[in-house]
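# Topology and contacts: notes
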Amino acid sequence: MDKATPKTSDVFAANRDRVAPLLAKLKQEGIGHLIDGKVVPSISGQTFETKSPVDGAVLAQVARGGPEDIDRAATAAALAFKSWRNMPAAMRKKLLHRVADAIEDRADDIAVLECIDTGQAHRFMAKAAIRAAENFRFFADRCTEARDGFNTPSDEHWNVSTRVPIGPVGVITPWNTPFMLSTWKIAPALAAGCTVVHKPAEWSPVTADLLAKLAKQAGVPDGVLNTVHGIGEEAGKALTEHPAIKAIGFVGESSTGSAIMAQGAPTLKRVHFELGGKNPVIVFDDADLDRALDAVVFMIYSLNGERCTSSSRLLIQQGIADKFVEKLTARVKALKVGHPLDPATEIGPLIHERHLAKVCSYFDIARQDGAVIAVGGAPHDGPGGGHYIQPTLVTGANARMRVAQEEVFGPFLTVIPFRDENDAIEIANGVDYGLTGYVWTGDMGRALRVADALEAGMIWLNSENVRHLPTPFGGMKSSGIGRDGGDYSFDFYMETKHVSLARGTHKIQKLGI
Ligand code: NAD
C-alpha cells in the first residue's frame, strides 16, 4: 500500500472518533424546529425518537411538529419574504456562497452524521456533503440572472417578460441522501428570492437540523429558511394545506405525491414532484461489456440501492445474457456489506426496520412469481446488528412480475432478457414509472433511437448517472411532474410576468361615444 494512503482501519477509527462527540451533543440537546431564527420545541410539547439503523440506538428526541408549528413557520416565512425578495441579488449571492462555505467547513461532520442517521456508506456520504455545497454555489452564482426575461416586440408594443419569486414555499424531502437532496430544492428557492419552510423526513432529521443552523450561522436572515420536523401526515400535510405557502417542492414516493396534490388543491398549490422509479439499464450485445458491468453494479448497489435513479431492472440481450449474468453474480457476491463508517463498506444497513421488512418481502414475492434468487435473498448479520441486508440479484424474471414492476428501493436487481431493440423498448416502457433509462451499445444510431423511444425524463447513453446541474432533472409518468436544475428550478420557484409598453400608436376602440 502507498505510504500516503491511510489504512482503512485508521480511517474507520477516525470516523468513529469524529462522530462520537457529535452524537453525544445531539442526544443531550435533542432536535427542535428552527423557526424565525430560533430553535423551538413543538407548541404541543410532543417529540419523537430518531434511531440509528446501525444498532437501533436512540440518537435524539425530535420535536414533533403539528399544524400550529407549521403556521408559526409559514407566518415567519411570509414576513421574511418581504425583505428577502427585495434584497439586491448580489447580496443574496454572497450569503448563499457563505452557506456553501459553512457546509464545506463541516463536510466531514455532515458525512459521519449522515452515515449514522441513514446507514449510507461513508464512501458515498463524504461526496454527498461536498455536492450539497456545490448546489449552493451553483445557484448562488445564478441569483443575479434569476429575474431575467425576454423582449418580444410587436409592431406597436415592447413586450417584456420578467420573473418574480412566487412567495414562501414548502420543501418536503425524503430520507435517502437527505442532506444533499434537500439542498437541491432549498438552494434554488432561496436564490430565486423565495423563503422556505422545510419539512425533512422523520427517519432522517439529523442533518436537516444542521443545514438550517449552518444557514443561520452564515448570515441568512431569520425567517428565510425555517425547518419544522415531524410526521408526513401531520406536519407535512399541514404545510401542503397552508394558505401562505405558494408552492410545494416534493421528493418522495409517488403515492405521497398524489396525496399532496389532493391536499394542496383547495389552496391551488403549485407542485413540483420528484417521485419513484423502476429504471431500466439496457445492455445490447455490441456494448463495451466491461464498462457496462461496472455501471450496472454501481447504479443499483451504491447508496444501498435507496436511490430514485437506481437502475433496478437489467434488460440484457439474450445472446450475451448467460455470460454477463455470470460475471455480475460474482461481483454481487463480492460486495462488502458493513458498518457505514468503515471506508471499505459498499453497502450499509437500510434506513429503518419498516423499510428492511418491505425490501425483504420482495424475496418471497420473487419466488412466488417464479423468479430465481441468484444471490442474496436474506437479511445480513452486520456490525451493530442493524438493518443489514444481503445484496440481492434476481434472475429468471419476466417483465410482468412484481419484481420487474414495483420499486423495491434496496440493493435488489432484477434481470430480464430481451430479444432485440423493439423488445427492449417495450419492456423498458412497460412500467408505471419513467424517471431514468441507461443504454449500453456500440451503435450510436441505435442509442439515439432507443433514447428517443424511452418514456423517461433522463437518459444516459454509455454512461452511469452523472449529474450536471444546468440540465433538467425529473421524471415522466408516475415518476414526477416538473424539472429541477439550472433555469428549470427558477421557473418553478418564480412567476413569469409579462409587461407590455405601448409606443402610443395602436388604435384604441372608442366605445360609449
Ligand atoms: P415518502 O413519500 O414516504 O416521504 C417523503 C416525505 O414526504 C417525508 O418528509 C414525509 O414525511 C413526507 N410525507 C409523507 N406523507 C405526507 C403527506 N400526506 N403530506 C405531506 N408530506 C408527507 O418517501 P420516502 O420513503 O421518504 O422516500 C423514498 C421515495 O422517494 C422513493 O419512492 C424514491 O424513489 C423517492 N425519491 C425520488 C427522487 C427523485 O428525484 N425522483 C429522489 C429521491 C427519492
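All of these numbers come straight from a predicted model, not from anything done at the bench.

### A word on the packing of aromatic side chains
- Tallied over the entire structure, the rule returns 12 aromatic pairs.
- With centroids separated by 4.9 Å and ring planes inclined at 85 degrees, the aromatic side chains of F138 and F139 adopt a geometry described as edge-to-face.
- Residue classification places F138 among the buried positions, given a relative accessible area of 12%.
- Residue classification places F139 among the buried positions, given a relative accessible area of 2%.
- When the centroid spacing of 6.1 Å and the interplanar angle of 35 degrees are considered together, the rings of W175 and W203 count as tilted. Of the two residues, W175 sits in the loop between β6 (169–172) and α6 (178–192) while W203 sits in the loop between β7 (196–199) and α7 (206–217), which places them 28 residues apart along the sequence. Residue W175 shares its accessibility class with W203, and that shared class is buried.
- Following the ring pairs from residue to residue traces out a cluster consisting of F138, F139 and F490.

### Remarks on helix α4 (residues 107–118)
- When the terminal C-alpha atoms of α4 are compared, their 16 Å separation across 12 residues agrees well with the 16 Å that a helix rising 1.5 Å per residue should span.
- The buried count for α4 comes to 11 of 12 residues, which makes it a mostly enclosed element.
- When we look at burial in α4, the residues that qualify are A107, D109, I110, A111, V112, L113, E114, C115, I116, D117 and T118.

### What to know about the domain arrangement of the protein chain
- Taken domain by domain, the protein chain holds domain 1 (8–275 + 479–497) and domain 2 (280–461).
- Put simply, the middle of domain 1 and the middle of domain 2, counted by C-alpha atoms, are 30 Å apart.
- The partner domain 2 presents 33 residues to the 29 residues of domain 1 that form the contact.
- Among the residues domain 1 hides against domain 2, the three largest losses belong to V54, W203 and S479. Together they make up 23% of the total.
- Across the domain 1-domain 2 interface, the total number found is zero salt bridges.
- Taken together, the links from domain 1 to domain 2 amount to 14 residue pairs in polar contact (both at pLDDT 80 or more).
- At the level of secondary structure, the elements contributing two or more residues to the side of domain 1 that touches domain 2 comprise α1 (8–29), α4 and α5 (122–141).
- Here the side of domain 1 that touches domain 2 takes six residues from α1, the largest share from any one element.

### A closer look at the state of the cysteines
- Scanning the model with the defined rule gives zero disulfides in all.
- There is no disulfide at C143, and the cysteine sulfur nearest it, in C194, is 11 Å away.

### Considerations on the site of the ligand
- Contacts to the ligand come from 29 residues, most closely from K199, E202, T256, L275 and E407.
- Here an oxygen atom of the ligand and a side-chain polar atom of E407 are 2.6 Å apart.
- Alone, the ligand offers 850 Å² of accessible surface; in the complex the protein occludes 93% of this.
- Among the elements of the structure, α8 (232–241), β9 (247–251) and α9 (254–264) are those that each provide at least two residues to the shell around the ligand.
- Ranked by the residues each element gives to the shell around the ligand, the list is headed by α8, at four residues.
- The residue makeup of the shell around the ligand, split by class, is 14 nonpolar, eight polar and seven charged.
- Both domains that furnish three or more residues to the shell around the ligand are identified here as domain 1 (8–275 + 479–497) and domain 2 (280–461).

### Observations regarding the pairing of strand β17 (residues 436–440)
- The buried fraction of β17 amounts to five of the five residues, a majority that puts the element mostly inside the structure.
- Here β17 shows a buried face lined by T436, Y438 and W440 and a second buried face lined by G437 and V439.
- Summarising the sheet, β17 and strand β18 (residues 458–461) pair through four bridges and their orientation is parallel. Paired with G437 across the two strands is I459, which belongs to β18.
- Of the crossover connections in this fold, the one passing from β17 over helix α15 (residues 444–453) to the parallel β18 is right-handed.

### What to know about the pattern of salt bridges
- On inspection of all chains with the given rule, the structure shows 24 salt bridges.
- We note a salt bridge from E29 to K25, for which the minimum N-O separation is 3.7 Å. Taken together, the residues E29 and K25, both in helix α1 and four residues apart, mark about one turn of the helix.
- Its salt-bridge partner being E274, residue K185 comes within 3.1 Å of it at the nearest N-O pair. Here the residue K185 occupies a position in helix α6, and E274 occupies one in strand β10 (residues 270–274), the gap between them amounting to 89 residues.
- For K185, a relative accessible area of 0% puts it in the buried group.
- When its relative accessible area of 4% is taken as the criterion, E274 is described as buried.

Cut-offs and rules
- Residues numbered from 1 in each chain as written.
- Predicted model: local features only at pLDDT ≥ 70, side-chain atom pairs only at ≥ 80, totals over all residues.
- Heavy atoms only, no water.
- Phe/Tyr/Trp six-rings, centres within 6.5 Å; stacked < 30°, edge-to-face > 60°.
- Buried < 20%, exposed > 50% of the residue type's maximum accessible area, 1.4 Å probe, protein only.
- Helix = DSSP H or I, 4+ residues; strand = E, 2+ residues; numbered from the N terminus.
- Expected span 1.5 Å × (residues − 1).
- Domains from an automatic or database assignment.
- Contact = heavy atoms within 4.5 Å.
- Buried area = accessible area lost by both parts, 1.4 Å probe.
- Salt bridge = Lys/Arg side-chain N within 4 Å of Asp/Glu carboxyl O.
- Polar contact = N/O pair within 3.5 Å; in protein donor to acceptor, adjacent residues only side chain to side chain.
- Disulfide = S-S within 2.5 Å.
- Near = heavy atom within 4 Å.
- Areas by Shrake-Rupley, 256 points an atom, 1.4 Å probe, with all protein chains shown as cover.
- Nonpolar A, V, L, I, M, F, W, Y, C, P; charged D, E, K, R; others polar.
- Pairing = 2+ DSSP bridges.
- Right-handed = clockwise from strand over helix to strand, strands pointing away.

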